[in-house]
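Chain by chain, the residues run as shown.
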Amino acid sequence: MSKRIRIYTPEDVAEHSQASSCWVLREGRVYDVSLFLNDHPGGDDLILQHAGKDVGEVMKDKLGHEHSDAAYNMLDEYIIGRLGTGESVVRDDWVATDDFHPDTTDSTKDYEKNAFLDLRKPLLRQVWEANFSKSYYLQQVHQPRHLQESARLFGPDILEMCTRTEWYIVPIFWLPIAVYLLLRSLFQFTGPLPDFFENPSLPLSYLSFIPAESIAKTMACFFLGNLIWTLLEYTLHRFLFHIDRWLPDRPMFLMLHFLMHGIHHYLPMDRLRLVMPPTLFFILQLPFTQLAYLLFPVAVANGIISGAFTFYVGYDCMHYALHHTKLPQYMRDMKKYHLAHHYKNFELGYGVTSKIWDIVFNTVLPV
């Protein structure tokens, strides 16, 4: 067969139920019969009654009109794809246990059964060359797999290295920046400082002379940054990482979704992809920090950004811990809550460090 066959879901087919775009199903195959409607001997009404549905039984119905072999051969000219037959791991009755650990996925059987991504090969190129619809991609990417070692995203080692991050890289990289911004805020509330690009050094010898008023102002901004981060944690997770519904059905957008967050739902226990690579977080934070400098005086902005970065470090380290370490009671409860987001319902439970904004926005996931 010369035409490329895509993989669809029943929801894909059901969306095409009009004369302008009429799809039908038969024996797991998807057909676009829009151009055939006017040529159908029984009239287009008969087809439109079953548009977006399975016509297998209707075509075999002897009481109605049993179709000939020639009719089936003609139908084959309009094939555009097939239904995916993926299994479901995510389910409403899933319950997290303190000792939860998923079974290892058999990569060969998984690919043969689901025809999605071959875990034995670099994944990103497979998503770029995808022959599946957005609906099938979203269905599959939210069914967790588990490997003993990290799956490859890229073929070249130098690119692959940039996608794997040990948890301790986050505090090593970002905490010194947060402390530096906190100190700049302290000094800026006390008196003028040279522009960062002119002279980034700080007069640390004068640290003991900073007045209590400057400390109070800086800490107020710092705690505001903490609060702002908790809201960003929720909104970014819900409206950017889970942009599923508005995601264009194009390989480039599927690839970006997979790179940004899809891979985490696909392989949620991959310990080297549980925290953000510094490059990715740098890109994500840039518009928000620039907005802070636009809205607030520099001293205020530095204090807020310092507080947000500090809580970001706590968020990423806690995210790693929720997947991989023994925890105190509160964090055990949040671990169950977060794993339920992966294995029970990925459309609820966006909070990682707390449920506060899930409560506010009514997206609490019952566990």
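Presented here is an overview of the structure given in this document. Bear in mind the structure is a predicted one, so any value in this text is a computation, not a measurement.

### Quick notes on the sheet that holds strand S2 (residues 17-18)
Line of reasoning, step 1. With mixed pairing, five strands are arranged side by side in an open sheet as S1-S5-S4-S3-S2. Of all strands in the sheet, those bounded by a partner on one side alone are strand S1 (6-8) and S2.
Line of reasoning, step 2. Bridge count between strand S4 (residues 29-32) and strand S5 (residues 79-83): three bridges; the pairing is antiparallel. When the sheet's bridge partners are listed, Arg29 is paired in S5 with Arg82.
Line of reasoning, step 3. Its contacts with the sheet put helix H4 (residues 69-76) on strand S3 (21-26), S4 and S5, and the angle it makes with S4 is roughly 80°.

### Focus: the packing of aromatic side chains
Line of reasoning, step 1. Counted according to the given criterion, the structure contains 27 aromatic pairs.
Line of reasoning, step 2. A connected cluster of aromatic rings, assembled from ring pairs, spans Phe173, Trp174, Trp229, Phe281, Phe309, Tyr312 and Tyr315.
Line of reasoning, step 3. Sitting over the face of the ring of Trp246, Arg245 holds its NZ or CZ atom 5.8 Å from the ring centroid.
Line of reasoning, step 4. Positioned above the aromatic ring of Tyr337, the side-chain terminus of Lys355 is 4.7 Å from the ring centre.

### Observations regarding the packing of helix H9 (residues 169-190) against helix H12 (residues 278-295)
The angle between the axes and the distance between the axes are what describe a pair of packed helices.
Line of reasoning, step 1. Two numbers describe how H9 lies on H12: the axes approach to 12 Å, and their chain directions differ by 20°. By the angle between their axes, H9 is roughly parallel relative to H12. H9 and H12 meet at a crossing whose hand is right-handed. Residues Ile169, Phe173, Trp174 and Leu181 of H9 lie in contact with H12, whose contacting residues are Pro278, Phe281, Phe282, Gln285 and Tyr293.
Line of reasoning, step 2. Taken together, the residues that form the contact of H9 with H12 break down as eight nonpolar, one polar and no charged.

### Some details on helix H5 (residues 107-114)
Line of reasoning, step 1. Among the residues of H5, those classed as buried are Ser107, Asp110 and Asn114. Viewed end-on, H5 has its buried residues packed into an arc of 65°, placing them on one side of the element. Residues of H5 that are exposed and point more than 90 degrees away from the buried face comprise Lys109 and Glu112.
Line of reasoning, step 2. Where the residues of H5 are buried, they touch helix H7 (134-141) and helix H11 (251-266).
Line of reasoning, step 3. Where H5 starts, the residue carrying a side-chain oxygen 3.1 Å from the main-chain nitrogen of Thr108 turns out to be Asp106.
Line of reasoning, step 4. Directly beyond the C-terminal end of H5, a positive phi value near 50° is found at Ala115.

### Considerations on the pairing of S5
Line of reasoning, step 1. For S5, the tally of buried residues reaches four of five residues, placing the bulk of the element in the interior.
Line of reasoning, step 2. Direction of pairing for S1 relative to S5: parallel, over a ladder of three bridges. Pairing of Ile7 across the sheet is with Arg82, part of S5.

### Some thoughts on the packing of H7 against H11
Line of reasoning, step 1. For the pair H7 and H11, interaxial distance at closest approach is 10 Å and the crossing angle is 25°. One element, H7, and the other, H11, form an angle in the roughly parallel class. Where H7 approaches H11, its residues Lys134, Tyr137, Leu138, Gln140 and Val141 are matched on the opposing element by Leu254, His257, Phe258, Gly262, His265 and Tyr266.
Line of reasoning, step 2. Residues belonging to the contact of H7 with H11 are distributed by class as follows: six nonpolar, four polar and one charged.

Basis of the calculations
Residues numbered from 1 in each chain as written. Predicted model: local features only at pLDDT ≥ 70, side-chain atom pairs only at ≥ 80, totals over all residues. Heavy atoms only, no water. Pairing = 2+ DSSP bridges. Helix = DSSP H or I, 4+ residues; strand = E, 2+ residues; numbered from the N terminus. Contact = heavy atoms within 4.5 Å. Axes fitted to C-alpha atoms, helices over the stretch in contact; angles between N-to-C directions. Phe/Tyr/Trp six-rings, centres within 6.5 Å; stacked < 30°, edge-to-face > 60°. Lys NZ or Arg CZ within 6 Å of the ring centre and 35° of its normal. Parallel < 35°, antiparallel > 145°, perpendicular 65-115°, else oblique. Left-handed = near helix turned anticlockwise from the far one by under 90°. Nonpolar A, V, L, I, M, F, W, Y, C, P; charged D, E, K, R; others polar. Buried < 20%, exposed > 50% of the residue type's maximum accessible area, 1.4 Å probe, protein only. Arc of directions from axis to C-beta. Polar contact = N/O pair within 3.5 Å; in protein donor to acceptor, adjacent residues only side chain to side chain.

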